[in-house]
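Per-entry structural report
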Amino acid sequence: DAGVIQSPRHEVTEMGQEVTLRCKPISGHNSLFWYRQTMMRGLELLIYFNNNVPIDDSGMPEDRFSAKMPNASFSTLKIQPSEPRDSAVYFCASSLGSPLHFGNGTRLTVT
Amino acid sequence: SQQGEEDPQALSIQEGENATMNCSYKTSINNLQWYRQNSGRGLVHLILIRSNEREKHSGRLRVTLDTSKKSSSLLITASRAADTASYFCATDLQGAQKLVFGQGTRLTINP
């Protein structure tokens, strides 16, 4: 089992650009979570899906952030336009109940 | 605000010693989980304790849960250099699937 796969591992972009982060969950898992980690705020849950349907997006910072899960094996988190304060490590996690299985994250730097 | 808060924020001990980390939370939970994060990697699940359990063991790990005090502790016995990592507690709000993480304890094991 390859685990949760995230791409890219690192992303450096300029303010105002669109950023798309990708996640492939573990096969057979029916829940997918997007978290953001910063030194100041720790791990924040942005959004989670059950069976490809968004259940709770109350953690999405603002309308610049959007997430989709078109099928059970793929999800994207998009930031448009990006801002320097979006710089963080973004984690995707999947589960079938408990526990969560995390990917190794995408480190985003917005200059 | 965070549901779980770990204490201490940082802990440095000698190899072979025991390490104890504490977690406090605010609302009723179904279960509490502990995760480990190595530098540059995603979180890895260590152990889950349900709200009706008081203590659980897994190898060198011992977790306690006191629901009356809304607190948990993680004990790592006979620490090794490889235990150097950040440790997070996570709670699920009753009735909700999402996990809320604390700020973590950064553990350093000195050889």
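As shown above, the structure is provided for reference.
Residues numbered from 1 in each chain as written. Chains lettered and ligands numbered in written order. Predicted model: local features only at pLDDT ≥ 70, side-chain atom pairs only at ≥ 80, totals over all residues. Heavy atoms only, no water.

1. Some remarks on the packing of aromatic side chains
Applying the stated criterion across every chain yields a total of seven aromatic pairs over all chains. On the numbers, 5.4 Å between centres and 85 degrees between planes, the contact of Y35(A) with F101(B) is edge-to-face. In this pair, Y35(A) is assigned in strand β4 (residues 31-38) and F101(B) in strand β10 (residues 99-101), connecting two distinct chains. With a relative accessible area of 1%, Y35(A) lands in the buried category. Ring plane angle 80 degrees and centroid distance 5.9 Å describe the contact between F102(A) and F101(B), whose orientation is recorded as edge-to-face. Separated into two different chains, F102(A) in strand β10 (residues 101-102) and F101(B) in strand β10 make up a pair that spans both. Taken together, the aromatic side chains of Y35(A), F91(A), F102(A), Y35(B) and F101(B) make up a single cluster linked through ring pairs. (Phe/Tyr/Trp six-rings, centres within 6.5 Å; stacked < 30°, edge-to-face > 60°. Helix = DSSP H or I, 4+ residues; strand = E, 2+ residues; numbered from the N terminus. Buried < 20%, exposed > 50% of the residue type's maximum accessible area, 1.4 Å probe, protein only.)

2. Some thoughts on the environment of V12(A)
All names here are of chain A. Tracing the backbone shows V12 in strand β2 (residues 10-13). The exposure class assigned to V12 is exposed, which follows from its relative accessible area of 62%. Along the backbone, V12 and T111 are 99 residues apart, and their C-alpha atoms lie at a distance of 7.5 Å. When near neighbours in sequence (up to four residues on either side) are disregarded, V12 contacts T109 and T111. (Contact = heavy atoms within 4.5 Å.)

3. Section: the sheet that holds strand β1 (residues 5-7) of chain A
Residues and elements named next belong to chain A. Spatial ordering of the open sheet is given by β1-β3-β8-β7, a layout of four strands whose pairing is antiparallel. The outermost strands of the open sheet, each flanked by one partner alone, are β1 and β7 (65-71). Direction aside, neighbouring strands of the sheet carry axes that sit 15 degrees apart on average. As paired strands, β7 and strand β8 (residues 74-79) are joined by five bridges and run antiparallel to one another. Within β8, the residue paired with N71 across the bridge is F74. (Pairing = 2+ DSSP bridges. Axes fitted to C-alpha atoms, helices over the stretch in contact; angles between N-to-C directions.)

4. Describing the side chain of Q6(A)
All names here are of chain A. Looking at the element boundaries, Q6 is found in strand β1. Judged by its relative accessible area of 8%, Q6 is buried. Engagement of the side chain of Q6 in a polar contact is seen with the backbone oxygen of Y90, the distance being 3.0 Å. (Polar contact = N/O pair within 3.5 Å; in protein donor to acceptor, adjacent residues only side chain to side chain.)

5. Describing the pairing of strand β9 (residues 88-95) of chain A
All names here are of chain A. Burial analysis of β9 places eight of its eight residues in the buried class, which makes it a mostly covered element. Across the two faces of β9 the burial is the same, with A88, Y90, C92 and S94 and V89, F91, A93 and S95 all buried. As defined by bridge partners, β4 adjoins β9 across seven bridges and the pair is classed as antiparallel. For Q37, the partnering residue across the bridge sits in β9 and is V89. Pairing geometry for β9 and β10, over two bridges, is antiparallel. Paired with A93 across the two strands is F102, which belongs to β10. Linking two consecutive strands that pair antiparallel, namely β9 and β10, is a turn of five residues; a positive phi of about 80 degrees is found at G97 within it.

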